[in-house]
Amino acid sequence: LATINKMYETSLDSFLGVFNHSLDRAKKDIILENRLRCILEQITIDVYNYTCTGIFERHKLMFSFQLACMIQQGDNNFARNELDFFLKGDTGLEEPNISSPVSWLGHANWKDLLALNQLGRPPNDNNFQKIIQDIKQRKDEWKEWFDLEAPELAPLPYNVSITTLQRLCIMRCLRPDRVYNAIKLYVIEKMGEQFVQPPTLDYNRIYSQSNEKSPVVFILSPGADPQADLQKLCIAKGFSNKFKFVALGQGQGPKAEELIEQGINKGYWIMLMNCHLLVSWLKKLEKHLELMKKPHKDFRLWLTTEPISTFPLGILQRSLKVVTEPPDGLRLNIRSTYSKIDQATLDECPHPHFRECLFVLAWLHAVLQERRKFGKIGWNVSYDFNESDFQVSRKLLSLYLTKAYNENDQQMPWGSLKYLIGDAMYGGRVSDDMDRRVLKVYLEKFMGDFLFENEEQFHFSRAGFDFYLPQGDRIKTYTQCIDKMPLTVRPAVFGLHANAEIGFYTEATKQIWSDLISLQPRSIIMGNSGISRDDIIATTAKDILEKVPLESIDIGCYDLVVVRNQLYERNGIARPTPCQVVLLQELERWNALIIRMATTLTDLLRAFKGEIGMSEELDALGNALFDGFLPAQWRKLAPDTDKKLGSWISHFLDRYKQYQAWISHGEPAVIWLSGLHVPESYLTALVQTTCRANNWPLDKCVQYSSVTKYQSINDVPCALESGTYISGLYLEGAGWDSHLDCLVPQQPKVLVVNLPILQVIPIEANKIDITGQFIAPVYVTQKRRNAMGVGLVFTVMLKTNESTAHWVLQGVALSLNTDT
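Rules used in this analysis
Residues numbered from 1 in each chain as written. Predicted model: local features only at pLDDT ≥ 70, side-chain atom pairs only at ≥ 80, totals over all residues. Heavy atoms only, no water. Helix = DSSP H or I, 4+ residues; strand = E, 2+ residues; numbered from the N terminus. Buried < 20%, exposed > 50% of the residue type's maximum accessible area, 1.4 Å probe, protein only. Contact = heavy atoms within 4.5 Å. Areas by Shrake-Rupley, 256 points an atom, 1.4 Å probe, with all protein chains shown as cover. Lys, Arg positive; Asp, Glu negative; His and termini not counted. Charge placed at Lys NZ, Arg CZ, Asp CG, Glu CD. Core = buried A, V, L, I, M, F, W, Y, C linked by side-chain atoms within 4.5 Å. Expected span 1.5 Å × (residues − 1). Polar contact = N/O pair within 3.5 Å; in protein donor to acceptor, adjacent residues only side chain to side chain. Patch = residues over 30% accessible without salt bridge, like charges linked within 9 Å, V, L, I, M, F, W, Y side chains within 5 Å. Salt bridge = Lys/Arg side-chain N within 4 Å of Asp/Glu carboxyl O. Pairing = 2+ DSSP bridges. Axes fitted to C-alpha atoms, helices over the stretch in contact; angles between N-to-C directions. Phe/Tyr/Trp six-rings, centres within 6.5 Å; stacked < 30°, edge-to-face > 60°. Lys NZ or Arg CZ within 6 Å of the ring centre and 35° of its normal. Disulfide = S-S within 2.5 Å.

*Asks:* What is the right way to look at the overall build of the chain in this model?
*Replies:* Within the chain, the regular secondary structure consists of 31 helices and 18 strands. Referenced to the eigenvectors of the C-alpha coordinate spread, the extents of the chain come out at roughly 90 × 80 × 60 Å. Across the 820 residues in the chain, those meeting the buried criterion constitute 51%. The long-range share in the chain, meaning contacts at least 24 apart out of those at least 6 apart in sequence, stands at 72%. For the chain, the accessible area works out to roughly 38900 Å², and carbon and sulfur atoms hold 50% of it. Seen as two clouds, the 89 positive and the 95 negative side-chain charges of the chain have centres 4 Å apart.

Structure follows, in structure tokens:
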């Protein structure tokens, strides 16, 4: 597991401790076979519980599945080639030469299905050989199964008898969004339901497993803080006067050392918080723990840290690791908030609306945190909204409402509250402009006089349940309202489309696949095929090398001197246009990528022949080619992408075609922005060209965009005099109605749609009109923008008949690339 996260490092001593504990707990039996079976069952569940205590929620199902697969393999009841397909899908580089017989199957799914059709366990046991033929013959039955909300629970319309793992392979091809739940069913069938129900965090259990010689390391996630719970445990165990803590930071090392010495000698509980902020001092702590002789039996050392790769290995291996995460789910989140609120808190402010406003604040806090689980369609950056944000906001709410009450002010101070709570407290963490839009929409939606104006109760949402604003003076009124809420809620509660949940499960499944691939053994011979791993890598490397358009290893693909002279000849003057400057810069980056690909592939093939040594870099390249991932050495020199190797090669060749056409025939009438390394530079060049032609000030010119009726490049009659047409944009979070020319809600199960050709024209800023337009960001990939602000290309205007706030909460955005 340490290959997934360095914080998961566990020593043999820790495992032996769990093993010996399991031997003691296992049911005794005088019959040896029964005794051994009981020991195996007990150690399996104990290892599962111990491991799940120290790993994040997102990795627990992956660990269960890996455990089930290893047990099945140990029982010789397992097909390795089927597991490889389930994890990787089709890793081939060629595009399918057979078109899909059904319209409801995506391109990537069809490629996987074709590869599955060839998969089998030679010589005779091939349960997939007839699957495509079966889908062709019984399209309606397969479509009916495909449209089910939970197809993993329904029998497949496939007449061939298949195993549970083979069913997972089919699920991967047809409904990858439901694979997450299908994996759960696989684990339940093979091992039992307890292996998909990890233990809850019980501090009494943690204390019983701890000892004076081993520290307890709390691995933090955003929004989690174990200090309050640990203090409660300390009081319950009678150590309230012996609990000492310090927040680590610059200069806090000596103080921490002093506390640890006191703890060792006097039996104190010492808590060192934020250890990730003082990693350099942790080396001293590691040595201190190694030299520790006979600590007091009551001594306990508690450490909190964010997951970092530089945390000392010695501390991790000897420690009990505990992952702390905030409550999962809207109801549990609000309940956790109200567990720290008592009647005195409700009575601290005399304003009649304070109690309702406090519940609104708790709702807002939960919504902001829970929106994170929807990934990039929720927030571009996963912000660390935590309890301190709520507590300070609560005090501000109490302060301002008390002031309004004392001054007999009939008006609620919404302006001040929205600014302090929205812009200062929660907004202080929000670094992305598009995320700030989301936060402001929530504030406008949940804060205002409309909460109390109507005689009826205010409703936060009525999506699947009536989430209303309770009114009353007693704390019980609010806790009872919380307890009535469902454990799981629809995405519409957060303002998102139902498809957002599909996206969430799809991304979770992709992460499980990626993590599981990193855990697989590097077999020399693959399955029953007799083909070695090195042969597969070498064949893939040769196929790619044949596709690399290399002119020479010194130049790359294009001789820039020759290309520049061609452009000068076309212009009639020895000066390139702004767009031609962009082309030359693009070709320079393209050459660097080509040279890198050619040299690394050539070296890898030479290493297989034994002509040169296999370096760490070449080994990583071979692993990537075998697993079907884009090698890190190439990724650094290519535009940002989420594509796997096969689809990336297709994208790579399309880029080459666009460069070729641009050099040979001049600037394209329709530009494919995804084919450019720095697409924003081309848009800037367009503005510069228009400003020169019209003598406009550069800082007074902006890009005006509109979606055309053209569906493909062939529909465009001619190039624009000023500006350009853009193809290859993908719309996420909404659909597009070509008849009404406006945004519409997504179709069920359709997460991304192709936007018609976009027209971009530079115009003077004072002439632009955004009435009835939604300003949508355009990102390079569906990862959108990161915390450093990288990823945003430009913004476009999309016509809408709905309020812009609706599309803001839906997470509507455009991207230049998808992951298929």
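Having seen it, we continue.
*Asks:* Would you mind showing me how to read the nonpolar core here?
*Replies:* For soluble globular proteins, the rule of thumb is that nonpolar side chains tend to be buried together. Ranked by size, the top nonpolar core spans 126 residues in total, and within it L330, Y338, W363, I544, L625, W634 and F794 carry the most contacts. Of the residues forming this core, the biggest block, 13 residues, is contributed by helix α26 (residues 578-609). Look past the residues within four positions of L625 in its chain and what remains in contact with it is I537, T540, A541, I544, L601, L604, P631, W634 and L645. Listed in part, the 87 residues of the second largest apolar core include L83, W142, L156 and L278.

*Asks:* What is the right way to look at helix α20 (residues 433-446) in this model?
*Replies:* Over its 14 residues, α20 runs 20 Å from end to end, which matches the ideal 20 Å to within 8%, given 1.5 Å per residue. Inspection of α20 places M434, D435, V438, L439, V441, Y442, L443 and F446 among the buried residues, and these make up the whole buried set. Of the residues flanking the start of α20, the one acting as N-cap is D432, its side-chain oxygen 2.9 Å from the backbone nitrogen of M434.

*Asks:* Mind showing me how you'd approach the environment of D24 here?
*Replies:* Along the chain, D24 falls in helix α1 (residues 12-25). Taking the relative accessible area as the measure of exposure, D24 reaches 59% and is therefore exposed. In sequence terms D24 and V562 are 538 residues apart; their C-alpha atoms lie 79 Å from each other.

*Asks:* It is not clear to me how a nonpolar patch on the surface should be interpreted in this structure. Could you clarify?
*Replies:* Taken together, the side chains of L12, F15 and L16 define a hydrophobic patch exposed on the protein surface, amounting to about 280 Å² of accessible area. Relative to the helices and strands, L16 resides in helix α1. Here L16 falls in the partly exposed class, since its relative accessible area comes to 35%.

*Asks:* Is there a simple way to think about the sheet that holds strand β14 (residues 752-754) in this case?
*Replies:* Across the sheet, five strands lie side by side as β14-β11-β18-β16-β17; this open sheet has mixed pairing. Whereas interior strands pair on both sides, the edge strands pair on one side only; in this sheet they are β14 and β17 (792-799). Averaged over neighbouring strand pairs, the angle between their axes works out to 30 degrees when direction is ignored. Summarising the sheet, strand β11 (residues 730-732) and strand β18 (residues 813-815) pair through three bridges and their orientation is antiparallel. By the bridge assignment, E732 is partnered in β18 with A813. Most of the contacts of α20 go to strand β16 (residues 773-779), to which it runs at about 140 degrees, and overall it touches β16 and β17.

*Asks:* What should I look at first to understand the packing of aromatic side chains in this one?
*Replies:* Geometry of an aromatic ring pair is reported as the spacing of the ring centres plus the angle between the planes. On inspection of all chains with the given rule, the structure shows 39 aromatic pairs. Taking 6.2 Å as the distance between ring centres and 20 degrees as the angle between the ring planes, the aromatic pair formed by Y338 and Y478 counts as stacked. Residue Y338 is found in helix α15 (residues 330-338), and its partner Y478 is found in helix α22 (residues 475-484); the two are separated by 140 residues along the sequence. As far as burial versus exposure is concerned, Y338 and Y478 are alike and both buried. Centre to centre, the rings of W590 and Y656 are 6.2 Å apart; their planes meet at 5 degrees, and the pair counts as stacked. Taken together, the residues span a long stretch of sequence, with W590 in helix α26 and Y656 in helix α29 (residues 645-665) at a distance of 66 residues. Using a relative accessible area of 24% as the deciding quantity, one classes Y656 as partly exposed. By way of ring pairs, the aromatic residues Y338, F359, W363, Y442, F446, F450, F458, F460, F465, F467 and Y478 are connected into one cluster. Over the aromatic face of Y505 sits the side chain of R178, whose NZ or CZ is 5.8 Å from the ring centroid. Over the ring of F504 we find K373; its NZ or CZ atom is 5.5 Å from the centre of that ring.

*Asks:* How should unusual backbone geometry be read in this particular structure?
*Replies:* Excluding glycine, residues mostly carry a negative phi; peptide bonds, for their part, are mostly trans. One non-glycine residue, D741, lies in positive phi territory at about 55 degrees. Its identity is not glycine, yet K749 carries a phi of approximately 70 degrees, on the positive side. With respect to the helices, strands and loops of the structure, K749 is situated in the loop between β13 (742-744) and β14. Classification of K749 as partly exposed rests on a relative accessible area of 31%.

*Asks:* How should I be thinking about the pattern of salt bridges in this particular structure?
*Replies:* Opposite charge on two side chains permits pairing when their charged atoms draw close. Across all of its chains, the model carries 26 salt bridges by this definition. Across the pair R138 and D134 runs a salt bridge whose closest N-O atoms are separated by 2.7 Å. Among the residues examined, R138 registers a relative accessible area of 17% and is labelled buried. On the basis of relative accessibility, which here comes to 11%, the residue D134 falls in the buried class. Beyond isolated ion pairs, a larger network of salt bridges with shared partners links D134, R138 and E141.

*Asks:* Before we go on, may I ask you to explain the side chain of H59 in this structure?
*Replies:* Inspection of the secondary structure assignment puts H59 in helix α3 (residues 57-74). The buried category is assigned to H59, whose relative accessible area is 4%. Of note is the side chain of H59, whose polar atom sits 2.7 Å from the side chain of Y8. In contact with H59, not counting residues within four places along its chain, are I4, Y8 and D515.

*Asks:* Just checking my understanding: could you explain the state of the cysteines for this structure?
*Replies:* By definition, a disulfide is the covalent link that joins the sulfur atoms of two cysteine residues. Tallying each qualifying case throughout the model produces zero disulfides. Distance from the sulfur of C357, which forms no disulfide, to the nearest cysteine sulfur (C349) is 8.8 Å.

*Asks:* So what exactly am I meant to see when it comes to the sheet that holds strand β2 (residues 243-247) here?
*Replies:* Spatial strand order, β2-β3-β4-β1-β5: five strands in an open sheet with parallel pairing. With partners counted over all chains shown, the strands left at the sheet margins are β2 and β5 (320-324), one partner each. Strand-to-strand, the axes of this sheet are offset by a mean angle of 20 degrees, without reference to chain direction. As judged from the four bridges shared by strand β1 (residues 216-220) and strand β4 (residues 300-305), these two strands associate in the parallel manner. Residue pairing across strands places F218 opposite T304, the latter belonging to β4.

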